[in-house]
Amino acid sequence: METNTGKHYAIPYAAGTPDWSAVPAAPLLPCRWSPESPPAAEAKAVWTEGALLVRLESFAAPTRAVNTAPDSAVWEDSCLEFFFSADGKTYINLEANANAALRASIGPDRHERRFLRELGVPLPQAEAETTAAGWALTLRIPAALLEALLGVTPRRGLRLRGNFYSCGDKTPAPHYAAWSPVETPSPDFHRPEFFGTLELTE
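Residues numbered from 1 in each chain as written. Predicted model: local features only at pLDDT ≥ 70, side-chain atom pairs only at ≥ 80, totals over all residues. Heavy atoms only, no water.

Chemist: Is there a simple way to think about the packing of aromatic side chains in this case?
Modeler: Pairs of aromatic rings are described using the distance from one ring centre to the other and the angle between the two planes. With the rule as written, the count across this model stands at 12 aromatic pairs. Their ring planes at 75 degrees and their centres at 5.4 Å tell us that Trp33 and Tyr176 sit as a pair that is edge-to-face. Taken together, the residues Trp33 in the loop between strand 2 (26-30) and strand 3 (41-47) and Tyr176 in strand 12 (residues 176-178) connect sequence positions 143 residues apart. When its relative accessible area of 12% is taken as the criterion, Trp33 is described as buried. Assessed through its relative accessible area of 12%, Tyr176 is described here as buried. Taking the centre distance of 6.0 Å and the plane angle of 80 degrees together, the rings of Tyr176 and Phe189 count as edge-to-face. Of this pair, Tyr176 sits in strand 12 while Phe189 sits in the loop between strand 12 and strand 13 (196-200), and the two are 13 residues apart along the sequence. An aromatic cluster is present here, built from Trp33, Phe83, Tyr91, Tyr165, Tyr176, Phe189 and Phe195 joined pairwise through their rings. (Phe/Tyr/Trp six-rings, centres within 6.5 Å; stacked < 30°, edge-to-face > 60°. Helix = DSSP H or I, 4+ residues; strand = E, 2+ residues; numbered from the N terminus. Buried < 20%, exposed > 50% of the residue type's maximum accessible area, 1.4 Å probe, protein only.)

The following block contains the structure:
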């Protein structure tokens, strides 16, 4: 069941290479069950006719980056994540660490999921980089993937449901942060009922 969290993020159009410094940021705030104060982090997104581009940035250096294989347990490392849906039910989760190891799957909940690389669809691309303040992850989600799995293509006025996260289950200081609050009694990012609204604009 969809919960109205009241969170709304306008995703602007980008005609060319995005100037990320000019894109509005969506701050990630500590979750109620975060045992430690998470590093400051934010998310930004833009769209083109060919893709949805998301940049997540942590303003602290990663403290764990063990996983290197696709679809490995990257949430145990310093991790940045983007979950999104067209109907508020079936959603795609994209999770990556500072090695750019990307975990990407689709399904209606935590348990019923399929890895995108098994579906024969165009795959998202992940790039991680060190920044002056910490590290950043850039995700490129092809329009062809959105059409194949969610039945939508990037266009002005399109509304998606989604959330941005940071975590680190096995880091020296385990932490959890989210853009749209997740009101569960224990850590669980796989809760689309707490997604906010993502609207593609001019």
